[in-house]
Amino acid sequence: MSDDETMRAEEMIAGERVFNFSSGPAVMPLEVLRRAAEELPALPGVGMSVMEISHRSRWADEIFAETEARLRRVLSVPDDYRVLFLQGGGSLQFSMVPINYLRRDASADYLLTGYWGRKAIAEARREGTVHVAWSGEGHRFDRMPVAPEELELDPEAAYVHVTSNETIQGVQFPGDPLAGVDLGAVPLVCDGSSDFLSRPIDVSHYGLLYACAQKNAGPAGLSIVVVSDALLERGKQGLHSMLDYRRHAEAGSRYNTPPVFAVYLFRLVLEWLEDRFGGLERLGEHNRRKAELLYAALDEHADYYRGHARPEFRSSMNVTFRTPDEDTDRAFLRGAEELGMHQLAGHRSVGGVRASIYNAMPLAGVERLAEYLHDFRRRSG
Ligand SMILES: Cc1ncc(COP(=O)(O)O)c(C=O)c1O
C-alpha cells in the first residue's frame, strides 16, 4: 500500500478523523499526533512530559538544537542567517518587522496582494511611512505581480514586504516572490505563513522570512523567523526586549519562556517531512499534484464552478472557488461534511468555498474532494 492508502485505511478504520480542509489551525500528520500522544506523559529518556521540562534544561536545548538543525537542512538555510522561534503568530510579525526596521525618516514598500498583505500594511503604518508599491485591489486580488514594470519600488526603501501566498484569496507567487526583480540593496521581507515548507525556496533571496506555524509547521503559538545576519544587525536600538529580533537571537529564542511543546511538535513535523518526502523537492511535487487534481476538476466544470485566482497564480495551498450562488455554496458544504470533508467554508470576508490542502492533507482527501466536485456538478443537472 502507498503511504496515502495506508493513511486512508487507518483513518477510515479509526472512524474518528475526518478530512480537515481548514486554513489553519490545519491538519497535522497523523504520525506526528500519534507519536506526540505516545510521548506526552514521559519523553523517552527524560521521564517527564515535554510540557513539564524547563526551557533552560538540556532536554530543551536538544529539542531547540535539533529542530533548528532540521529546519536548516530542509530549507537550505545559509550559515549567515539566524533562525528564531517566536510567539505572537504571523500578526506580531506585522508589527515586529516595522518596529525593528522602519525608521521615522524612511519608508517601506509593501505589496497589497490580499487580506493578509493589507493587515501587514495597517500595522506598519502605526510605525512609519508605508508606500504601496503594487496593489491587486482593482482586480479583486486574483493575481500577483511578476513584471518589474508593474512595481513602483523605492530604491531607498527600508525593505520591501510581500506575502508569498494569500491564504484567503488563494493566490500565490509561482516561485520566490519578485525573483526576477532587481531590488538593489533593499531587503525583501516575506510573510510566508501559508506556504512555508511547501516547496523549495531560495532563502538567500530574502532578508527576512516569517511564518506562523499552524498551517505547515505545527500548532498555533509558534512563529518561525529566518533572518540574515546583515539585516539583524541593522535593527533599531533600544527596543522593548520582546519586540527586538536581536535580543531573541542573542537569547537563542529563549529570552522568556517559549512554547517548548510547539517547538517539539515542529521537530516531529520536520522529521515526518524528511522521512516521508526526503525534502522539499518531492514534497513540492506532491503538493502540486494534489492542487492540480482540484483545479482540473474545477476547470472541467468551468461553466458551473468559478475559481477565484487567475490560472498562473493559483495557490497550491488554498483552492478558492464558488458555486453558482450562495445557497448552492451552503448545500455544497453540507454535502461535503456528510462525506467526511470538513472546514471547507471560505473565509468570512469573502465567502464561497476554500479547500486548504497543506502538506499534511493526504492525497486521499484531495481525491475524495475532486470526486465530490464532479458528482455535485452532475447531480445539479
Ligand atoms: C498569510 C498569513 N499571514 C498572517 C496570518 C496571521 O497569523 P496569526 O493568526 O498566527 O497571527 C495568517 C493567518 O492565517 C496568514 O494566513
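Residues numbered from 1 in each chain as written. Predicted model: local features only at pLDDT ≥ 70, side-chain atom pairs only at ≥ 80, totals over all residues. Heavy atoms only, no water.

Describing the packing of helix α2 (residues 30–39) against helix α8 (residues 260–277)
Selection criterion: For every element, the axis is a line fit to its C-alpha atoms; helices are fit only across the contacting stretch, and the angle between N-to-C directions ranges from 0 to 180 degrees. Strands are runs of DSSP state E lasting at least two residues, helices are runs of H or I lasting at least four, and both sets are numbered from the N terminus onward. Roughly parallel means an angle under 35 degrees; roughly antiparallel, over 145; roughly perpendicular, 65 to 115; everything else is oblique. Rotating anticlockwise by less than a right angle from the far helix to the near helix defines a left-handed crossing, while the corresponding clockwise rotation defines a right-handed one. In this analysis, two residues are considered to be in contact whenever any of their non-hydrogen atoms come within 4.5 Å of each other. Under the scheme applied, nonpolar residues are Ala, Val, Leu, Ile, Met, Phe, Trp, Tyr, Cys and Pro; charged residues are Asp, Glu, Lys and Arg; polar residues are all the others, including Gly.
It is at 9 Å that the axes of α2 and α8 come closest, and there the two elements cross at 135 degrees. Considered as vectors, α2 and α8 are oriented oblique to each other. In the crossing of α2 with α8, the sense of the turn from one axis to the other is right-handed. Residues E31, V32, R35, A36 and E39 of α2 pack against Y264, L265, R267, L268, V269, E271 and W272 of α8. Split into classes, the residues belonging to the contact of α2 with α8 amount to seven nonpolar, no polar and five charged.

Points about the packing of aromatic side chains
One pair of aromatic rings is described through two measures. These are the centre distance and the angle between the planes. The criterion, for reference: Only Phe, Tyr and Trp rings take part, Trp by its six-membered ring, and two of them pair if their centres are within 6.5 Å. Stacked means planes under 30 degrees apart, edge-to-face means over 60, and tilted covers everything else. Throughout this description, buried means an accessible area under 20% of the type-specific maximum (1.4 Å probe, protein chains only), exposed means over 50%, and partly exposed covers the range between.
The tally for this structure, following the rule as stated, stands at 17 aromatic pairs. Pairing F94 with Y210 gives two aromatic rings, centres 6.4 Å apart and planes at 70 degrees, and the pair type is edge-to-face. Of this pair, F94 sits in helix α4 (residues 89–101) while Y210 sits in strand β9 (residues 208–212); the two residues are 116 residues apart in sequence, bridging distant segments of the chain. Of the two residues, F94 and Y210, both sit in the buried class. Measuring from centroid to centroid gives 5.7 Å for Y305 and F321, while their planes differ by 85 degrees, and the two rings are edge-to-face. Note that Y305 is positioned in the loop between α9 (280–300) and β11 (306–307) and F321 in strand β12 (residues 318–322), a separation of 16 residues in sequence.

Topic: the nonpolar core
Grouped burial of nonpolar side chains is what soluble globular proteins tend to show. Applied cut-off: For our purposes a nonpolar core is just a set of buried Ala, Val, Leu, Ile, Met, Phe, Trp, Tyr and Cys residues, chained together by side-chain atoms within 4.5 Å. An automatic or database domain assignment supplies the start and end points of every domain.
Within the largest apolar cluster, 89 residues are counted, with the highest numbers of intra-cluster contacts made by L178, F196, L197, I224, F266 and F332. By residue number, the principal contributor to this core is α8, which donates 12 residues. There are two domains that each give this core at least three residues, and those are domain 1 (3–29 + 279–379) and domain 2 (58–274). Excluding anything up to four places from it in sequence, F332 contacts Y305, F321, T323, V353, L369, Y372, L373 and F376. Within the second largest apolar cluster, 26 residues are counted, among which are L86, L112, V227 and A249.

A closer look at the domain arrangement of the protein
Basically, it comes down to this: Two parts placed together each lose some accessible area; with a 1.4 Å probe, that loss summed over both constitutes the buried area.
Split by domain assignment, the protein resolves into domain 1 (3–29 + 279–379) and domain 2 (58–274). Computed from C-alpha coordinates alone, the two centres of domain 1 and domain 2 are separated by 27 Å. The interface of domain 1 with domain 2 comprises 32 residues on the first partner and 33 residues on the second. The three residues of domain 1 that bury the most area against domain 2 are L280, H308 and F313, which together make up 28% of that side's buried surface.

Points about the packing of α8 against α9
Between α8 and α9, whose axes approach to 9 Å, the crossing angle comes to 85 degrees. Classified by the angle their axes make, α8 and α9 are roughly perpendicular. Listed contacts from α9 to L273, R276 and F277 of α8 are L280, R282, L283 and H286. Partitioning the contact of α8 with α9 into residue classes produces four nonpolar, one polar and two charged.

Things to note about the pairing of strand β8 (residues 188–191)
Test applied: Only strands that DSSP links by at least two bridges are regarded as paired with each other.
Here β8 shows two buried faces, one formed by L188 and C190 and the other by V189 and D191. By the bridge criterion, four bridges tie strand β5 (residues 160–163) to β8 in an arrangement that is parallel. When the sheet's bridge partners are listed, V160 is paired in β8 with L188. With three bridges connecting them, β8 and β9 associate as parallel partners. Its bridge partner being in β9, C190 is matched across the sheet by L209.

What about the pattern of salt bridges?
Side chains bearing opposite charge may pair, as long as their charged atoms lie close to each other. Note the cut-off: Any Lys or Arg side-chain nitrogen found within 4 Å of a carboxyl oxygen on Asp or Glu counts as a salt bridge.
Under the criterion given, the structure shown has 20 salt bridges. Between R247 and E250 there is a salt bridge, with the nearest N and O atoms lying 3.2 Å from each other. Of this pair, R247 and E250 both sit in helix α7 (residues 245–250), separated by three residues, roughly a single helical turn. Look at E250 and you get exposed, because its relative accessible area is 58%. Among the ionic pairs, R378 bridges to D375, the shortest N-O distance being 2.9 Å. With R378 and D375 both in helix α11 (residues 363–379), this residue pair falls three residues apart, about one helical turn.

Quick look at the site of the ligand
Test applied: Throughout, the term near means that a residue has one or more heavy atoms lying within 4 Å of the molecule or strand in question. What qualifies as a polar contact is a pair of N or O atoms within 3.5 Å, subject to a donor-acceptor requirement within protein and to the restriction that residues adjacent in sequence count only when both atoms come from side chains. Computed with a 1.4 Å probe, the accessible areas rest on the Shrake-Rupley method; for each residue, only the protein chains presented here act as cover.
As a matter of local geometry, the ligand sits amid 13 residues, with S91, T167, D191, Q214 and K215 nearest to it. One of the side-chain N or O atoms of S91 is found 2.6 Å from an oxygen atom in the ligand. Burial of the ligand by the surrounding chains reaches 85%, relative to a free accessible area of 390 Å². Looking at the shell around the ligand, the element that brings in the most residues is α4, giving four residues. Residues belonging to the shell around the ligand are distributed by class as follows: three nonpolar, eight polar and two charged.

Describing the sheet that holds strand β4 (residues 129–135)
Pairing in this open sheet of seven strands is mixed, and the strands run β2-β10-β9-β8-β5-β3-β4 from one edge to the other. The open sheet has two edge strands, β2 (81–86) and β4, and neither has a second partner. For this sheet the average axis-to-axis angle between neighbouring strands, irrespective of direction, equals 20 degrees. Note that β9 and strand β10 (residues 223–228) share five bridges and pair antiparallel. Paired with Y210 across the bridge in β10 is V225. Of the strands in this sheet, β2, β3 (107–112), β8, β9 and β10 touch α4, which is tilted by about 155 degrees from β9.

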